[in-house]
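Descriptive structure summary
So the chains spell out like this:
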Amino acid sequence: LSPGMVYVSTRIDNTWTGQTLLKASNAESSDQFGASVSIQGETLVVGAPDESSSANGGESDNSAQGAGAVYVFFRGANGWTQQAYLKASNAEEYDYFGSSVAIYGDTLVVGAPGEDSAVVGDEDDNSGYELGAAYVFSRIGDIWSQQAYLKGAEAGSFGASVAIHEDTLVVGDPFSGRTG
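What comes next is a walk through the structure.

Parameters and conventions
- Residues numbered from 1 in each chain as written.
- Predicted model: local features only at pLDDT ≥ 70, side-chain atom pairs only at ≥ 80, totals over all residues.
- Heavy atoms only, no water.
- Salt bridge = Lys/Arg side-chain N within 4 Å of Asp/Glu carboxyl O.
- Helix = DSSP H or I, 4+ residues; strand = E, 2+ residues; numbered from the N terminus.
- Buried < 20%, exposed > 50% of the residue type's maximum accessible area, 1.4 Å probe, protein only.
- Contact = heavy atoms within 4.5 Å.
- Pairing = 2+ DSSP bridges.
- Axes fitted to C-alpha atoms, helices over the stretch in contact; angles between N-to-C directions.

What follows is about the pattern of salt bridges. As enumerated under the stated definition, the model contains four salt bridges in all. Taking the shortest distance from any N to any O, the salt bridge between Arg 75 and Glu 42 comes out at 2.6 Å. With Arg 75 in strand 5 (residues 69-76) and Glu 42 in the loop between strand 3 (36-40) and strand 4 (43-48), the pair connects residues that are 33 residues apart, well separated along the chain. Across the salt bridge formed by Lys 151 and Glu 115, the nearest N and O atoms sit 2.8 Å from each other. Of this pair, Lys 151 sits in the loop between strand 10 (143-150) and strand 11 (161-165) while Glu 115 sits in the loop between strand 8 (107-112) and strand 9 (133-140), and the two are 36 residues apart along the sequence. Residue classification places Lys 151 among the buried residues on the basis of a relative accessible area of 13%.

So this is what it looks like as structure tokens:
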């Protein structure tokens, strides 16, 4: 299987033209690089929910299958370059971090619908099964850092979709249990 690619096109007048192809710095088979994308200005965010490195192992580590990763690219005078490789602070197998991504200004939201914590506010808990989480990152200069870990009160795949605009973020949870 292919590791995945992202195709970037630009519009000049009314014509869309292929610009470049982007790959992950640690591209490997089945990472699903490009499963989710978001762009604002000169910053492009790409999710690879099946990438397999752990939280602390670095890009070449493959000890956490399906943990997921997010890649941030910046478009400068010489084209697109990778600015960051992001992982959840509690990356573990089958979290699928990067299944959804959204950027607004210097704030990035990443969904991990397979994350297993069943306790709101306790990212180290693994007593649930695929309840999901969302992570908020912020950028200062070229450096991205995790600012928040979010859970739904009745999560059931929290983080399957995410969106952000100004000071409001939205997290989709298609399998939440509330019925009324």
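This brings us to the environment of Thr 17. When you line up the elements, Thr 17 lands in strand 2 (residues 15-22). Judged by relative accessible area, Thr 17 falls into the partly exposed class, the value being 38%. When neighbours within four sequence positions are excluded, Thr 17 is seen to be in contact with Ser 9 and Thr 10.

So, about the sheet that holds strand 8. Taken in spatial order, the four strands line up as 7-8-9-10 in an open sheet, and their pairing is antiparallel. Two strands in the sheet have a free side with no partner beyond their single neighbour: strand 7 (100-104) and strand 10. The average undirected angle you get between the axes of adjacent strands in this sheet is 20 degrees. Note: strand 7 against strand 8, five bridges, orientation antiparallel. Looking at strand 8, one finds that Tyr 104 is bridged to Thr 107.

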